[in-house]
Every structure is written in structure tokens, then in C-alpha cells.
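Here are the chains, one letter per residue:
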There are 2 protein chains.
Amino acid sequence: MRVLGVDPGLTRCGVGVVEGVAGRPLTMLGVGVVRTPADAELGHRLVAVEQGIEMWLDEHQPEFVAVERVFSQHNVRTVMGTAQASAVAMLCAARRGIPVALHTPSEVKAAVTGSGRADKAQVGAMVTRLLRLSAPPRPADAADALALAICHIWRAPAQNRLQQAVALHSAKAPSKGRLA
Amino acid sequence: MRVLGVDPGLTRCGVGVVEGVAGRPLTMLGVGVVRTPADAELGHRLVAVEQGIEMWLDEHQPEFVAVERVFSQHNVRTVMGTAQASAVAMLCAARRGIPVALHTPSEVKAAVTGSGRADKAQVGAMVTRLLRLSAPPRPADAADALALAICHIWRAPAQNRLQQAVALHSAKAPSKGRLA
């Protein structure tokens, strides 16, 4: 299973590709950050995020895209940009028929560290260990994107069983698979 | 000046096209709503919004796109969908090099009714009068999209002078024009 993790943001959008299956050692295929200039117009920044995500999808052809679920409890100004960048990432994936999964920050932290309240350093340390890297990926957005991808690989079996059960028991349920 | 107004939303995204210049009677060229099913996956809904906006851009070839500026003071769940739908509208416009303008709800109300605290019925009544329609456009999202387009036509001369002044006095300012 090859997953592109996206830690959405307008200034720095973390991206990381991880391959593997639950219970086996994982492999990092790539990690980076899509940046857009803070003084550019919002529309142009969204186009730049789209171009960056498209490049990562073209290069790595992931089977799943895992995006951090955005909440609006945080800083008002930041959360709008985060929601808009996440929309672009989800749009790029869905347009190609790639399933998109959303994971909350605490789900991601719990998956890689065992605690939903772990700090950035702890997440970075575990990502480094799990992917057998020589140093924690920088910036933190890049490490978070890898953590999202790892979280998805480890949570996916349970989620897929749930989706299959929902599909079986509800004739009205919309398709959870690829776009036609 | 031909403007596509967009009242962003995932369930109902209002769209309206108005042509004219400040100080002259305005003409409505089209009005409608892009709808996406509430039970579809978020990624698929964003793709549907994109396809709807693209159709309106193709058909009417607007010179400007005016989108309602989203604030996060409102309902948490709604505002995320609104921010994400607005991101898709801005992305579609910026990708074509069409300038995008954001106007706040109170700017729009003040432009068409004279009061920033006008209610929906008052906005609908003024849109009907200003565009010489036989009845207020339904649903309210469609009327709001037309109000956004009218607001942009009336505010644009002042905004353009401001942008030119900023461009002249700041060598570091990013281009406010079309994408290269």
C-alpha cells in the first residue's frame, strides 16, 4: 500500500510518501514541502498548492491520500488557509479517483507514538525510527505528513472492514470506492 | 465589466453573472446553484463544485470572479465546508488567470441595500430591483451570488485605483494582474 500523506497549509504544505503494510517494516519513498509566498494573492497560492500536489501524485502514483482533518478551534486566520489547502489536496486526489482519508491530529499522534497528546519532537522521533531515517525530517510539516501516511497504513485495515460492512448493510450508501 | 459572483457552499453554492459598469443599469446574464449531495464523500463533493464552477466560467467567460470572504466565527462545521468550496472557486478562477476579489457579507449588504446589517429579504428585494427581475432569485444563495457580483462592479473602480497605487509605491509588491 502506497500512501501520500498531506499536512495541509498555504505557507508550508507537508507531503510524504510511505509504502508498506501493517505489521511489516515501512519504507519512505519521498518527503518534502510545497511552499507558497505569503504575499501572493490567495487564488495564486491555491494554484501553486495544486501544482505541487499534482507533481507529487504524478511522481509517486499513491493508492491512497491521507489528509489531516482540520478543526476550527484554532487560530481563525490560520485555520482558513489550512482548510483551503486541504480542499485543494482532496480535490486533486478525488479528481484522479484516488480514495481520500482524513485523520485527526490526535489519531496520527496516537498511531505513531501511542499517545494522542504527544508533542512534535516525539512524533518526529518516532517517524525517524519507524522509517529508519538518519535524522528527523525537517520542517515539522514534512514529518507530520509522513506520520499521516504511517497512520493511514496502520489504521486502514480496520477502516476498510468498516466501509465494507457499511456498504453491505446499506443499499443507500454512496460508493466509497474510486470515482466512476 | 462581466462578473461571476460566488456564494460558496458545499450543499448549495450560489452563482450569478452580472454585466455592467458603476452608475449604469446592470444586466443579469445568468443565475443558479451548484449542488452536491450531503452524503457524498468530501473529495467527490469538491470535484462536483469544481465541475459546476468550470461550466459557469466556460459559458459566461467572466472578467472577474467575486467570492464571499469566509469568516470562522460562525458554525464550526458549516464554515469548513464554506472555506473549502470557496477555495475551489478561487482555484478555478486563478487557474484561468481571472482576477479574484473577496468581499465580506457586510460589504455586499452595504453595497446593494445601503446597510451592512440588512437581512436576506432586503438583499433579495434590492437584487430584484437593480437587475429588473420579475421576482427575487431563489434560493437565497443565488440572490447572494448576484449581490456579490453587483458589489464587485460598484466597488471595483475604487479597488483598482488602490491596487494601482500599491503597485506604484512598492517595488516588492507581487503582481496583482493575471497569471503569467
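Here is what the cut-offs are and how they apply
Residues numbered from 1 in each chain as written. Chains lettered and ligands numbered in written order. Predicted model: local features only at pLDDT ≥ 70, side-chain atom pairs only at ≥ 80, totals over all residues. Heavy atoms only, no water. UniProt positions renumbered as here; feature names shortened; annotations may be inferred. Helix = DSSP H or I, 4+ residues; strand = E, 2+ residues; numbered from the N terminus. Buried < 20%, exposed > 50% of the residue type's maximum accessible area, 1.4 Å probe, protein only. Areas by Shrake-Rupley, 256 points an atom, 1.4 Å probe, with all protein chains shown as cover. Contact = heavy atoms within 4.5 Å. Pairing = 2+ DSSP bridges. Axes fitted to C-alpha atoms, helices over the stretch in contact; angles between N-to-C directions. Parallel < 35°, antiparallel > 145°, perpendicular 65-115°, else oblique. Left-handed = near helix turned anticlockwise from the far one by under 90°. Nonpolar A, V, L, I, M, F, W, Y, C, P; charged D, E, K, R; others polar. Core = buried A, V, L, I, M, F, W, Y, C linked by side-chain atoms within 4.5 Å. Salt bridge = Lys/Arg side-chain N within 4 Å of Asp/Glu carboxyl O. Arc of directions from axis to C-beta.

- Going by the annotation in an unreviewed UniProt entry, the name recorded for chain A is Crossover junction endodeoxyribonuclease RuvC, with Streptomyces chartreusis given as the source organism.
- On record in UniProt, under Subunit (unreviewed entry), the comment for chain A is "Homodimer which binds Holliday junction (HJ) DNA. The HJ becomes 2-fold symmetrical on binding to RuvC with unstacked arms; it has a different conformation from HJ DNA in complex with RuvA. In the full resolvosome a probable DNA-RuvA(4)-RuvB(12)-RuvC(2) complex forms which resolves the HJ."

1. Thoughts on the overall build of chain A
- Counting secondary structure elements, chain A contains five helices and five strands.
- Burial status across chain A gives 48% buried among its 180 residues.
- Within the structure as shown, chain A displays about 8,600 Å² of accessible surface, and the carbon and sulfur contribution to it stands at 53%.

2. Describing the UniProt feature "active site" (unreviewed entry) in chain A
All names here are of chain A.
- Those places that UniProt annotates as "active site" (unreviewed entry) correspond, in this numbering, to Asp7, Glu68 and Asp141. On the basis of their most widely separated C-alpha atoms, the annotated residues across 135 residues gather in one place, lying no more than 11.0 Å apart.
- If you trace the backbone, Asp7 turns up in strand 1 (residues 2-7).
- With relative accessibility at 8%, the residue Asp7 sits in the buried group.
- Relative to the elements of secondary structure, Glu68 occurs in strand 4 (residues 64-68).
- Once residues within four sequence positions are removed from consideration, Glu68 is found in contact with Val6, Asp7, Pro8, His103, Pro105 and Leu148.

3. So, the pairing of strand 5 (residues 100-103) of chain A
Residues and elements named next belong to chain A.
- Of the two faces of strand 5, only the one carrying Ala101 and His103 is buried; Val100 and Leu102 on the other face are not.
- Direction of pairing for strand 4 relative to strand 5: parallel, over a ladder of four bridges. Bridging across to strand 5, Ala66 finds its partner in Ala101.

4. Description of the packing of helix 3 (residues 105-113) of chain B against helix 4 (residues 120-130) of chain B
Residues and elements named next belong to chain B.
- Contact geometry for helix 3 and helix 4: axes closest at 9 Å, N-to-C directions at 50 degrees. It follows from the interaxial angle that helix 3 and helix 4 lie oblique. When the axes of helix 3 and helix 4 are compared, the crossing they make is left-handed. On helix 4, the residues touching Lys109, Val112 and Thr113 of helix 3 are Gln122, Val123, Met126 and Leu130.
- Looking at the contact of helix 3 with helix 4 residue by residue, the class counts come to four nonpolar, two polar and one charged.

5. A word on the UniProt feature "binding site: Mg(2+) 2" (unreviewed entry) in chain A
- When the UniProt feature table is mapped onto this chain, "binding site: Mg(2+) 2" (unreviewed entry) is found at A:Glu68.
- When its relative accessible area of 21% is taken as the criterion, A:Glu68 is described as partly exposed.

6. A few points about the side chain of A:His60
Residue and element names in this part refer to chain A.
- Take His60: it is sitting in helix 1 (residues 42-60).
- You can call His60 buried: its relative accessible area is 9%.
- Not counting chain neighbours up to four residues away, the residues in contact with His60 comprise Arg2, Val17, Leu29 and Gly30.

7. Some thoughts on the sheet that holds strand 3 (residues 27-35) of chain B
Residue and element names in this part refer to chain B.
- Here we have five strands laid out as an open sheet, ordered 3-2-1-4-5, and mixed in their pairing. Each of the sheet's edge strands pairs with one partner strand only, and the pair in question is strand 3 and strand 5 (100-103). Shown here is a sheet whose adjacent strand axes are inclined to one another by a mean of 20 degrees, direction ignored.
- Two elements, strand 1 (residues 2-7) and strand 4 (residues 64-68), share four bridges in a ladder whose sense is parallel.

8. Side note on the nonpolar core
- Core analysis: the biggest nonpolar cluster contains 51 residues, and A:Val6, A:Ile53, B:Val6 and B:Ile53 have the highest contact counts within it.
- Excluding its chain neighbours within four sequence positions, the residues that come into contact with B:Ile53 are B:Val6, B:Cys13, B:Val15, B:Val34, B:Ala89 and B:Cys92.

9. A look at the pairing of strand 1 of chain A
Residues and elements named next belong to chain A.
- A large share of strand 1 lies buried, amounting to five of its six residues.
- Relative to strand 2 (residues 12-19), strand 1 runs antiparallel, the two sharing six bridges. Across the sheet, Leu4 pairs through a bridge with Val17, a residue of strand 2.
- Connecting strand 1 to the antiparallel partner strand 2 that follows it, the hairpin turn spans four residues.

10. Quick look at the pattern of salt bridges
Residue and element names in this part refer to chain A.
- Within this structure, the stated rule accounts for 18 salt bridges over all chains.
- When the shortest N-O distance is used, the salt bridge between Asp141 and Arg12 registers 2.9 Å. A residue pair is termed long-range when its members are at least 10 positions apart, and Asp141 in helix 5 (residues 140-169) and Arg12 in strand 2 qualify at 129 residues.
- A residue is classified by how much of its surface remains accessible, and Arg12, at 35% relative accessible area, is partly exposed.

11. Focus on helix 4 (residues 120-130) of chain A
Residue and element names in this part refer to chain A.
- For helix 4, the full list of buried residues reads Val123, Gly124, Val127 and Thr128. Buried positions in helix 4, seen along its axis, are confined to an arc of 135 degrees and lie on one side of it. In this structure, helix 4 carries Ala121 and Arg129 as exposed residues pointing more than 90 degrees from its buried face.
- Immediately beyond the C-terminal end of helix 4, within one or two residues, lies Arg132, with a positive phi of roughly 50 degrees.

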